[in-house]
Structures are given as structure tokens and as C-alpha cells.
Amino acid sequence: MLMKKITRSFVVAGLLALATSVNAQEHVWKYVATGDASTYAIRDDGTLWSCGWNETGQLGAPAVSERTAEWQCVGTDTDWKKVIGGKAYAFFIKEDGSLWAAGTSESGVQGTGDGMDHKELVRVGTDNDWADVTASHFWGYSAIGLKTDGTIWGWGQNNSGQLGLGNATSQSSPVQIGTANDWVYVKAIDNRTYAIKADGTLWATGDNYSNLLGFNQSDEELVSLYYEFTKVTTVPDGVLSVSGCENTTTIAIGKDGVITEIYAIGSNSDGALGDGNGKLLTATSSSDEMPFSAKPVKPLLPEGATYSMLASGQSYSFVLTTDGKFYAWGRNKGGQLGDGSELEQ
């Protein structure tokens, strides 16, 4: 009888171990986001994971000192929905609409109001109606949040008016931007910010030294800094999303989530605008020699094609067609266009 009990115990233990192993292998990733040099992912069980650099605690994993190449589980919560990475900081949104932050507190970018770096996730305020957050990502320390009621809120660095608050004062906790409640999209790029209203109109604020906000102003009338969101009228209504880098802005136009037109503004070095008028940037050339368009131009994409996504890196862009094809243009020195070459397009 004792032997049967022992044998049964071993069998049960073995089955439990096998089940645990199988369950662990069955997990899949459902969300991924990147910061400056840190990566975040959410698993199908709602757990949050991170890896990469952690010099200011942006991974939310206090056991990691400087960096790690191994995925770290962040806490024990299982209800994570979205992650937004920035320059040594990150934001995290739960299924209940609460907002959390980790990493550097530079310029108040965490929004916690305490002026402290955080190596563990800390909640931003007490509201449970956060729908999305955008951060300046590679440069600067600014953040704009979109709430489910259609209002937008800003915090962090505001020296070139990128928060749209009508001033250049940085904020250590979220402050409502204006009184409008019909915003549906926000995007921070470098030291400028774009927002889209429910009617598809595009609005912009912040750094406009290079006309990248899209107003197409002459040298004589150029307003170099905007401190409030101002309507962009040089592109059609029906704006769906905005992308870009410190030298370019790309804008997607369409309806019901389907992109039918793309516009590009800014430096055309290495063909970044995709209109066929670009110039290769060499070791001896300067940015002053590069063609530039303050007027929105259309990349030379196939006639009649429609797209589901637009994404831009440093002087290059990708679009994904609704039937699953990629088109890309611009800088390709590292092979980032994925066309089997290192030639600019």
C-alpha cells in the first residue's frame, strides 16, 4: 500500500511538472514597445516584461542595475494593456485605465509630481480614464496623454511649447491642455507635438524652426515656436496618424482607418520625402545642401493603393498596404529598408 501511494505521488508530481512546463511554453506575446534603448512586452496572461538599459530604473525591475539581456517580469500584476517607451523612462497603462511610470524624473516627465526617479512602477495620479500616452521617445522629456473623454493632458519639458499650454513652463504632473474634448490622437516627435480631432483636422504645437509643423510659412512669416495647438491647413482633413523624426514629418490621410494619401515635409536628404527629388547625404555634404520642402509633398507611391499603417525612422518611412505589402523610401545605409541593399531610395 505504501509503495502504491509513493508511486502515485511521483506520477501526480510528474504530471503537475509537465503541465507547468507545457503552460509556460504555451504563453505568447501580445504587445511590444521600445524606448530609447529599452524594450517592453506584455504576455497573453497580462504580465509585463522588460529588458535592455535600466540606468534610471526605466525597466521597472529594481533587481537590474545597469542593463540586462534577459527578460524580466515586472511585478506580479496581470492586467497590463499598453506600454509607451521614452528616453530612459516609460509609461504603462492598465486595463482599468490607470497610468503608471518608471525611470528618470527629468523635467517632471514621469508626471508623478515628486521629482524622484523610480525603479519600480509608480502610479501617475488617481484617474482611471487614460486611453493613450505619447512621449518624445529619443529626444527630450515631454509627454501628452489622451483620456477616454476626449481631453488631452501634458506634462514634462515644455521649453519650445510642445505641451500646448500657452507657455514654456515645464509641468511635473498632468495638466489639461485647453478645454476641447474631441481629441482622438496625439503624437510627440522631437520637441513638437501633433494632435487630431474627431473631425479629422490636424493640429500642431512646439518647435517650428524648420517648418516641420506643417504650416508652410515663408522665411519672412515663419513662427519658430508655437505655444498652443494650431490647426494645420496645408493637408486635407481626414488625418489618421503622424510620424517622423527631427528632420521630417509624415502624415497619413484617409477614412475609417484606411490610409489613402501620404504627405511628407522637411529635409529630403537620402530621399526622405520619397518624391524623387532627394539628394544623397555624403561625408562631405552638409544639411544646408539638402533639398527641403516646407510644403507637404506626396511620396511616389503606387496609384490607387491603400494602407493600414505608416511608420517613420531617421529619414526613412514604411507603409503597409491593406493587402499586406510593404513600401519604403529614404535612408538605407544600415539596410533598414529591407530591400537587400544599402542604397538610398
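This one's a predicted model, so the numbers in the text were calculated from it and none came from an experiment.

**Q** Which parts of the structure should I look at to understand the layout of surface pockets?
**A** In this approach, a probe sized like a water molecule rolls over the atoms, and the result shows the empty space that is left. Within this model, the largest pocket holds a volume of roughly 1000 Å³. As for the largest pocket, its lining consists of 38 residues, of which Thr-134, Tyr-185, Lys-187, Val-242 and Ser-243 are closest to the centre. Looking at the lining of the largest pocket, the elements with two or more residues in it are β1 (29–34), β5 (80–85), β9 (130–135), β13 (183–189), β17 (239–244) and β21 (307–313). Of all the elements, β21 adds the most residues to the lining of the largest pocket, at six residues. Broken down by class, the residue content of the lining of the largest pocket amounts to 20 nonpolar, 13 polar and five charged. Within this model, the second largest pocket holds a volume of roughly 300 Å³. Contributing to the lining of the second largest pocket are 17 residues, with Ser-210, Glu-246, Asn-247, Ser-267 and Phe-292 lying nearest its centre. Classifying every residue of the lining of the second largest pocket gives six nonpolar, six polar and five charged.

**Q** Can you help me understand the pattern of salt bridges in this one?
**A** Pairing is possible between side chains of opposite charge, provided their charged atoms come close. The full count for this structure, using the stated rule, is 14 salt bridges. For Lys-82, the salt bridge goes to Asp-132, with nearest N and O atoms at 2.7 Å. With Lys-82 in strand β5 and Asp-132 in strand β9, this pair connects stretches of sequence that are 50 residues apart. The exposure class of Lys-82 is partly exposed, given its relative accessible area of 23%. The class of Asp-132 is partly exposed, set by a relative accessible area of 21%. Among the ionic pairs, Asp-270 bridges to Lys-333, the shortest N-O distance being 3.0 Å. Separated by 63 residues along the polypeptide, Asp-270 in the loop between β19 (258–267) and β20 (292–297) and Lys-333 in the segment after β23 (326–330) bring together distant segments of the chain. A relative accessible area of 42% places Lys-333 in the partly exposed class. Taken together, the salt bridges that share partners define one network made up of Asp-270, Arg-331, Lys-333 and Glu-344.

**Q** Is there a simple way to think about unusual backbone geometry in this case?
**A** In the Ramachandran plot, Ser-107 falls in the positive-phi region, its phi being about 60° despite a non-glycine side chain. Positionally, Ser-107 belongs in the loop between β7 (99–103) and β8 (118–123). For Asp-190, which is not a glycine, the phi torsion comes out positive at approximately 55°. Relative accessible area serves as the criterion here: at 16%, Asp-190 is assigned to the buried category.

**Q** What am I meant to see in the side chain of Arg-192 here?
**A** Structurally, the position occupied by Arg-192 is in strand β14 (residues 192–197). In this structure, Arg-192 is buried with no salt-bridge partner, the nearest side chain bearing the opposite charge being Asp-190 at 4.3 Å. A distance of 2.7 Å separates a polar atom in the side chain of Arg-192 from the backbone oxygen of Cys-245. Here Thr-249 takes part through its side chain, which lies 3.0 Å from a polar atom of the side chain of Arg-192.

**Q** What is the right way to look at the sheet that holds strand β2 (residues 38–43) in this model?
**A** Two pairing modes exist for strands in a sheet, parallel and antiparallel, and in both the strands are linked by backbone hydrogen bonds. The sheet built from four strands is open, its strands ordered β1-β2-β3-β4 with antiparallel pairing. Edge positions in the sheet fall to β1 and β4 (67–73), since each of these pairs with one other strand and no more. Going from strand to strand, the sheet's axes swing by 15° on average, the running direction of each strand aside.

**Q** I would appreciate a short explanation of the environment of Lys-333 in the present structure.
**A** Distance from Lys-333 to Glu-344, taken between C-alpha atoms, is 6.9 Å for residues eleven residues apart in sequence. There is a polar contact of 3.0 Å between the side chain of Lys-333 and the side chain of Asp-270.

**Q** Could you clarify how one ought to interpret the nonpolar core in this entry?
**A** General note: in soluble globular proteins, nonpolar side chains tend to be found buried as a group. Within the largest apolar cluster, 18 residues are counted, with the highest numbers of intra-cluster contacts made by Tyr-194, Leu-202, Val-235, Val-239, Val-242 and Ile-251. Counting only elements with at least two residues in this core, the list comes to β13, β14, β15 (202–207), β16 (225–232), β17, β18 (248–255) and β19. Apart from residues lying up to four places away in sequence, Ile-251 is in contact with Leu-202, Val-235, Val-239, Ser-241, Glu-261, Ile-262, Tyr-263, Ile-265 and Leu-310.

**Q** What am I meant to see in the sheet that holds β14 here?
**A** Spatially, β13-β14-β15-β16 is the arrangement adopted by the four strands of the open sheet, whose pairing is antiparallel. Two strands bound the open sheet, and with one partner strand each, they are β13 and β16. Adjacent strand axes in the sheet meet at a mean angle of 15°, parallel and antiparallel pairs treated alike. Here six bridges tie β13 to β14, and the two strands are oriented antiparallel to one another. Its bridge partner being in β14, Tyr-185 is matched across the sheet by Ile-196.

Reading the values: the criteria
- Residues numbered from 1 in each chain as written.
- Predicted model: local features only at pLDDT ≥ 70, side-chain atom pairs only at ≥ 80, totals over all residues.
- Heavy atoms only, no water.
- 1 Å grid on protein atoms, 1.4 Å probe; cavity = no way out; pocket = protein on both sides within 12 Å on 5 of 7 lines; lining within 4 Å.
- Points joined across faces, edges and corners; volume = space filled by probe spheres on them.
- Helix = DSSP H or I, 4+ residues; strand = E, 2+ residues; numbered from the N terminus.
- Nonpolar A, V, L, I, M, F, W, Y, C, P; charged D, E, K, R; others polar.
- Salt bridge = Lys/Arg side-chain N within 4 Å of Asp/Glu carboxyl O.
- Buried < 20%, exposed > 50% of the residue type's maximum accessible area, 1.4 Å probe, protein only.
- Lys, Arg positive; Asp, Glu negative; His and termini not counted.
- Polar contact = N/O pair within 3.5 Å; in protein donor to acceptor, adjacent residues only side chain to side chain.
- Pairing = 2+ DSSP bridges.
- Axes fitted to C-alpha atoms, helices over the stretch in contact; angles between N-to-C directions.
- Core = buried A, V, L, I, M, F, W, Y, C linked by side-chain atoms within 4.5 Å.
- Contact = heavy atoms within 4.5 Å.

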